[in-house]
Amino acid sequence: MANLADMTDTPTVAVRGEVVREVEPELAQLTVTIAARDKDREHTLRRLAERAEALGGLLDRYAEVIDRRETGRVSVYPEVKRSGERVRAYVGSISTTVTFSDFTQLGEVVMVLADQDQTSVFGPSWSLRPDSPTYGEARRAAIDDALGRAREYADALGSRIVRLVELTDSGLSGDRGPQPMAFGMRAAGGPQQPQLELDPQRQTVYAAVEARFAISEPTVLG
């Protein structure tokens, strides 16, 4: 929508520039949760530590495709019976977020993780890097769109753009991808591991600006 206004006797045209682009994701994120449960607290803690160490060693094998890994939520708590405070078992879990910048082995990693004892995998969640050049390109494209629209309106009025009066960033957004899939796990040591092919979901990037340009005196009215 264009808006023609008179500011200090200088005619202006106000326009909105927008752009929507679909691009390939740059990152994929998995959340891996290991768990342990036993009637004995020490056994629970020991199993949890052993599984955490095993997970770390497994992820080390794929270090070249992992951008970063971060330990998130850690919990250890007693599971009590419905009545009273008698402890039925001790439960522990550790969640690790693993971010991949190379997707060539992502399907393999998911299946290997899914094959570990008492391990749950959620993901992948696709995204762009926060500092992705795609965002800057979208902003520039939105400005180009606004400038192009302003020129069209100015031409229709028999005038030309003189200068930029105001530019406002109306927003920038990026698709964070689909809801992650949850993989139910079983104990390790099963039959030959199946193959899993994952297709990265393209990300939608939207940028918009609002701009006001001063234009020369229109020669066409109506």
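Parameters and conventions
Residues numbered from 1 in each chain as written. Predicted model: local features only at pLDDT ≥ 70, side-chain atom pairs only at ≥ 80, totals over all residues. Heavy atoms only, no water. Helix = DSSP H or I, 4+ residues; strand = E, 2+ residues; numbered from the N terminus. Buried < 20%, exposed > 50% of the residue type's maximum accessible area, 1.4 Å probe, protein only. Contact = heavy atoms within 4.5 Å. Areas by Shrake-Rupley, 256 points an atom, 1.4 Å probe, with all protein chains shown as cover. Core = buried A, V, L, I, M, F, W, Y, C linked by side-chain atoms within 4.5 Å. Phe/Tyr/Trp six-rings, centres within 6.5 Å; stacked < 30°, edge-to-face > 60°. Salt bridge = Lys/Arg side-chain N within 4 Å of Asp/Glu carboxyl O. Expected span 1.5 Å × (residues − 1). Arc of directions from axis to C-beta. Polar contact = N/O pair within 3.5 Å; in protein donor to acceptor, adjacent residues only side chain to side chain. Patch = residues over 30% accessible without salt bridge, like charges linked within 9 Å, V, L, I, M, F, W, Y side chains within 5 Å. pLDDT = per-residue confidence, 0-100.

Student: Would you explain the overall build of the protein chain in this entry?
Tutor: Looking only at helices and strands, the protein chain has three helices and nine strands in total. Here the protein chain holds 222 residues, and the buried ones make up 36% of them. Taking the intrachain contacts of the protein chain between residues at least 6 apart in sequence as the baseline, contacts between residues at least 24 apart amount to 82%. Split by element, the accessible area of the protein chain, about 13300 Å² in all, is 48% carbon and sulfur.

Student: I tried to follow the nonpolar core on my own but got confused; where do I start?
Tutor: Most often, soluble globular proteins keep nonpolar side chains buried together rather than apart. With 23 residues, the main nonpolar core has Leu 30, Tyr 62, Ile 66, Phe 100, Leu 106 and Leu 113 as its most contacted residues. Mapped by element, the contributors of at least two residues to this core are strand E3 (27-38), helix H1 (41-60), strand E5 (87-100), helix H2 (106-114) and strand E6 (119-127). Excluding its chain neighbours within four sequence positions, the residues that come into contact with Ile 66 are Leu 59, Val 98, Thr 99 and Phe 100. Core analysis: the next-biggest nonpolar cluster, separate from the first, contains 19 residues, Val 13, Ala 154, Val 205 and Ala 207 among them.

Student: In this structure, what is going on with unusual backbone geometry? I would like to understand it.
Tutor: Glycine aside, residues mostly have negative phi, and peptide bonds are mostly found in the trans state. Pro 124 follows Gly 123 through a cis peptide bond whose omega is -5°. Along the polypeptide, Pro 124 turns up in strand E6. You will see that Gln 118, though not glycine, has its phi angle at about 55°, which is positive. Of note, Gln 118 is situated in the loop between H2 and E6.

Student: What is the right way to read H2 from this model?
Tutor: Residues that lie three or four places apart on an α-helix share one face, since the helix turns once every 3.6 residues. The element H2 is extensively covered by neighbouring structure, given that eight of its nine residues are classed as buried. Of all the residues in H2, the buried ones are Leu 106, Gly 107, Val 109, Val 110, Met 111, Val 112, Leu 113 and Ala 114.

Student: Looking at this model, I keep getting lost on the packing of aromatic side chains. Mind explaining?
Tutor: In this description, a pair of aromatic rings is defined by centroid distance and the angle of the planes. According to the stated counting rule, one finds one aromatic pair in the structure shown. Arranged with centres 5.2 Å apart and planes meeting at 80°, the rings of Phe 103 and Trp 126 form a pair that is edge-to-face. In this pair, Phe 103 sits in the loop between E5 and H2 while Trp 126 sits in strand E6, placing the two residues 23 residues apart along the sequence. On the basis of relative accessible area, Trp 126 is assigned to the buried category, the value being 4%.

Student: Is there a simple way to think about the pattern of salt bridges in this case?
Tutor: Pairing between side chains becomes possible if they bear opposite charge and their charged atoms approach one another. Counted by the stated rule, this structure contains 13 salt bridges. Here the salt bridges share partners, and the residues they tie into one network are Asp 67, Arg 68, Glu 70 and Arg 129.

Student: I keep staring at H1 and nothing clicks. Help me out?
Tutor: Across its 20 residues, H1 extends 29 Å between first and last C-alpha, which sits within 8% of the 28 Å expected from 1.5 Å per residue. All of the buried residues in H1 are Thr 44, Leu 48, Leu 55, Gly 56, Leu 58 and Leu 59. Relative to the axis of H1, the buried residues are bounded by an arc of 160° and lie together on one face. At its buried positions, H1 is contacted by E3, strand E4 (66-80), E5 and H2. The distance from a side-chain oxygen at the start of H1 to the backbone nitrogen of Glu 42 is 3.0 Å, and the residue carrying that oxygen is Asp 40.

Student: Please clarify how a nonpolar patch on the surface should be interpreted in this entry.
Tutor: There is a patch of nonpolar side chains on the surface, built from Ile 143, Leu 164 and Leu 167 and spanning about 250 Å² of accessible area. Along the chain, Leu 167 falls in strand E7 (residues 161-174).

Student: Honestly, the confidence of the model for the protein chain in this entry has me stumped. Any pointers?
Tutor: Low pLDDT marks regions whose predicted coordinates should not be analysed in detail. Residues with a pLDDT of 70 or more make up 86% of the protein chain, whose mean pLDDT is 87. For the protein chain, strand E8 (residues 181-183) is the element with the lowest average pLDDT, namely 48, and E3 is the one with the highest, namely 96. For the stretch residues 177-190, pLDDT sits under 50, and the model shows 39 contacts to residues farther than four places along the chain or on other chains.

Student: Is there a simple way to explain the side chain of Thr 99 in this structure?
Tutor: Structurally, the position occupied by Thr 99 is in strand E5. Under the relative-accessibility criterion, Thr 99 is labelled buried at 1%. A polar atom in the side chain of Thr 99 sits 3.4 Å from the side chain of Gln 29.

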